[in-house]
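Listed below are the residues making up each chain.
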Amino acid sequence: MPVEVRLPTVLRPHAGGRSTVTANGATIGEVLGDLVRTYPGMAGQVLTEEGSLHRFVNVYVDDDDVRYLEQLDTKVADGATVSILPAVAGGSGR
Amino acid sequence: MLRLPAPVYTQIVGHCLSGLPDEACGLLGGDPVSGAVVTCYPTRNVAGSAKLYTVDPGEHLRADRDAEAKGTAIMGVFHSHTHTDAYPSPTDVAQAPDPEWHYVLVSLRDTHPMVRSFRITGGRIDEEPVIVESSGRPAHQGSSR
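Anyway, here's the lowdown on the structure attached to this text. Quantities reported herein were computed from a predicted structural model and do not represent experimental measurements.

**Some thoughts on unusual backbone geometry**
Consideration 1: The omega torsion across B:Leu20 and B:Pro21 is 10°, close enough to zero to call that bond cis.
Consideration 2: Examined against the element boundaries, B:Pro21 turns out to sit in the loop between helix H1 (6-18) and strand E2 (25-31).
Consideration 3: Even without glycine at this site, A:Gln71 takes up a positive phi of about 50°.
Consideration 4: By secondary structure assignment, the location of A:Gln71 is in the loop between strand E4 (64-65) and strand E5 (81-86).

Below, the structure is given as structure tokens:
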């Protein structure tokens, strides 16, 4: 099932500069797996070597952050939009 | 160069002060290439800490959509350092998500807030001038204090 995936600026160079691409899958894990197979340059930035969601990105199905759903097992309904954004964090650290 | 309309500058500093004693954070919408900021998106610091910040992911998504609807883009992030310099910490550098972004630091250590802006590329830190614009005219140049 093809779904629309919106990319953050930092990943767009790996997709020919496009802000939105199409990937296939019924779950977030399948969609992201298809995405990195099509655009291998994104591999280490979206998923870890172990295959889990990278901590430096947030992934949403429509309005919902998948970390608060079923993570990579989150279902992606027909017509849903998947958005990837960088996790924005930092601080003085002391 | 970062160009801040005066109302955006006020929003940034006000949000940082209202976040005390914790660090405060938010996103900036505008043109990443020219450095012209159009919109300030104050966000919740879900880390709830005086030493760390994490932009609320849900608010980030809403800000991203709003910026796109305005024909702009999220072009940077601001956050406060409550008791240290307005300079990127090793934590800030390690977690800087996008080399095209502008990283605005607000130090609340001294009596007057200090606002500075940086580009962070592959671990390298470059400070950029901050211009606060009042009614389209530059009101101040350089680190803003």
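**Examining the sheet that holds strand E2 (residues 20-24) of chain A**
Residues and elements named next belong to chain A.
Consideration 1: Here we have 5 strands laid out as an open sheet, ordered E2-E1-E5-E3-E4, and mixed in their pairing. Two strands lie at the open edges of the sheet, namely E2 and E4, each paired on one side alone.
Consideration 2: Relative to E5, strand E3 (residues 57-61) runs antiparallel, the two sharing 5 bridges. Residue pairing in the sheet places Asn 58 in a bridge with Leu 85 of E5.

**Some remarks on the pairing of E3(A)**
Consideration 1: A large share of E3(A) lies buried, amounting to 5 of its 5 residues.
Consideration 2: From the end of E3(A) to the start of E4(A), which pair antiparallel, there are 2 residues, and A:Asp62 there has a positive phi angle of about 50°.

Criteria and thresholds
Residues numbered from 1 in each chain as written. Chains lettered and ligands numbered in written order. Predicted model: local features only at pLDDT ≥ 70, side-chain atom pairs only at ≥ 80, totals over all residues. Heavy atoms only, no water. Helix = DSSP H or I, 4+ residues; strand = E, 2+ residues; numbered from the N terminus. Pairing = 2+ DSSP bridges. Buried < 20%, exposed > 50% of the residue type's maximum accessible area, 1.4 Å probe, protein only.

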